[in-house]
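Breakdown of the fold
Here is how the chains run, residue by residue.
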Amino acid sequence: MANFLDIKNIESSDLKKIIQTALELKKSRSGLTKGAFDSDRALDGHIVALIFEKPSTRTRVSFDVGVRQMGGQTIVLSGNDMQLGHGETIADTARVLSRYVDLIMLRTYEEATLHEMAQFAQVPVINGLTNFSHPCQIMADIMTYEEHRGSIKGKKIVWSGDGNNVFNSFAQAAEKFDFNLTFTGPETLKPDSKVIERAQQNGTKISIEHNPILAIKDADLVVTDTWISMHDLQSARERRHNQLRPYQVNRELLSHAKSNALFMHCLPAHRDEEATSEVMDGKHSVIFDEAENRLHIQKAIMRWCLEK
Ligand code: CP
């Protein structure tokens, strides 16, 4: 039994194996009518609990569909509807759920909640996003890059905007997949210094460059995300927008990247804020492949957790 909680604690060889499995699972479905089961029905007889304490479209649907394609069944739970949202401890919830289900996927606020769930659960736990990290998303992003351009090793990835939870998982992935990562954004919204220091101590080529044009020069992949994450205060909206406007990914900024650079956004997007529609729908963009690959990578992650 293995948990999928964050990228930094998983062996690089396992992460690469998961991506390979996801690519094979995707290929094996090409030509299948939508909704058909995978031929090996690896999760036959398995029940997966999907717990959401925050909103979701992609994570909710892709996990649910992925389990069904593999022959398993899901129970989708909202944190508020559970006793968890009304005072029951995470530890007790984890122990109880472990008597009913074979796997738990949790989207929650605090990283500590996820770790407590994993500590007390007797079934694998998968991180479906916390305020600090989003490892399933980054695995889908790397899969998408490699599907289009081959190995990500040694490539220059530029994150433009807010140094948020998705960036943190990118920083952990840079170490495991050996790519160069540059953050460009305002000083006030730069990533958690502990994330940068840890990556640098482990030899990761990670840097901060506040000038977006200098940062993006010769990038192989440009990534951005919404300027207001789910855990950010709406009252900070105007201030954040003013600070982040120079980092909008638009045609002019992207012209400084390599001519064959890819553009990614984990979605949901606020079109014409963090990236223009012209870029999102343009020739560099692979945002919908990226969204699709959440399905394939999470199937591979669930199989890895259950040793299937
Ligand atoms: N990218 C992502 O996690 O999307 P959802 O919030 O819709 O799940």
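Coordinates for the structure precede this section.
The text that follows walks through the structure, step by step, so that each part is easy to find. On a predicted model such as this, the values are computed, not experimentally measured, just so you know.

1. As for the pairing of strand 5 (residues 156-160)
- Counting buried positions along strand 5 yields five of five residues, so the element is predominantly enclosed.
- Bridging between strand 5 and strand 6 (residues 180-184) involves five bridges; their strand directions are parallel. Across the sheet, Ile157 pairs through a bridge with Leu181, a residue of strand 6.
- What joins strand 5 to strand 6 is helix 6 (residues 165-177), and the crossover it makes is right-handed.
- For strand 5 and strand 8 (residues 221-224), the ladder comprises three bridges, and the chain directions are parallel. Bridged to Ile157 within strand 8 is Leu221.

2. Notes on the layout of surface pockets
- Estimated volume of the largest pocket: approximately 400 Å³.
- Forming the walls of the largest pocket are 25 residues, and the residues nearest its centre are Arg107, Thr226, Met230, Leu267 and Pro268.
- Put simply, the parts of the chain that give the lining of the largest pocket at least two residues each are helix 2 (58-69) and helix 6.
- Its residues assigned to classes, the lining of the largest pocket comprises eight nonpolar, 11 polar and six charged.

3. Some details on the site of the ligand
- Near the ligand you find Ser56, Thr57, Arg58, Thr59, Arg107, His134, Gln137, Cys266, Leu267 and Arg294, and these make up its full shell.
- A distance of 2.9 Å is found between an oxygen atom of the ligand and a backbone nitrogen or oxygen belonging to Arg58.
- Contact between the ligand and Arg294: an oxygen atom at 3.1 Å from a side-chain N or O atom of the residue.
- Burial of the ligand by the protein amounts to 96% of the accessible area it has alone, namely 260 Å².
- Here the ligand is seated within the largest pocket.
- Class assignment of the residues belonging to the shell around the ligand gives a composition of two nonpolar, five polar and three charged.

4. A word on the pairing of strand 3 (residues 103-107)
- With five of its five residues buried, strand 3 lies for the most part within the structure.
- Side chains Leu103, Met105 and Arg107 of strand 3 all project onto a buried face; the interleaved residues Ile104 and Leu106 project onto the opposite face, where all are buried too.
- Both strand 1 (residues 47-52) and strand 3 contribute to a ladder of five bridges, which runs parallel. Opposite Ile51, over in strand 3, you have Leu106 as the bridge partner.
- Here strand 3 pairs with strand 4 (residues 125-127) via three bridges, running parallel. Looking across to strand 4, one finds that Ile104 is bridged to Val125.
- For the segment spanning strand 3, helix 4 (residues 111-120) and strand 4, crossover handedness is right-handed.

Calculation notes
- Residues numbered from 1 in each chain as written.
- Predicted model: local features only at pLDDT ≥ 70, side-chain atom pairs only at ≥ 80, totals over all residues.
- Heavy atoms only, no water.
- Buried < 20%, exposed > 50% of the residue type's maximum accessible area, 1.4 Å probe, protein only.
- Helix = DSSP H or I, 4+ residues; strand = E, 2+ residues; numbered from the N terminus.
- Pairing = 2+ DSSP bridges.
- Right-handed = clockwise from strand over helix to strand, strands pointing away.
- 1 Å grid on protein atoms, 1.4 Å probe; cavity = no way out; pocket = protein on both sides within 12 Å on 5 of 7 lines; lining within 4 Å.
- Points joined across faces, edges and corners; volume = space filled by probe spheres on them.
- Nonpolar A, V, L, I, M, F, W, Y, C, P; charged D, E, K, R; others polar.
- Near = heavy atom within 4 Å.
- Polar contact = N/O pair within 3.5 Å; in protein donor to acceptor, adjacent residues only side chain to side chain.
- Areas by Shrake-Rupley, 256 points an atom, 1.4 Å probe, with all protein chains shown as cover.
- Sits in = over half its atoms within 2 Å of the grid points.

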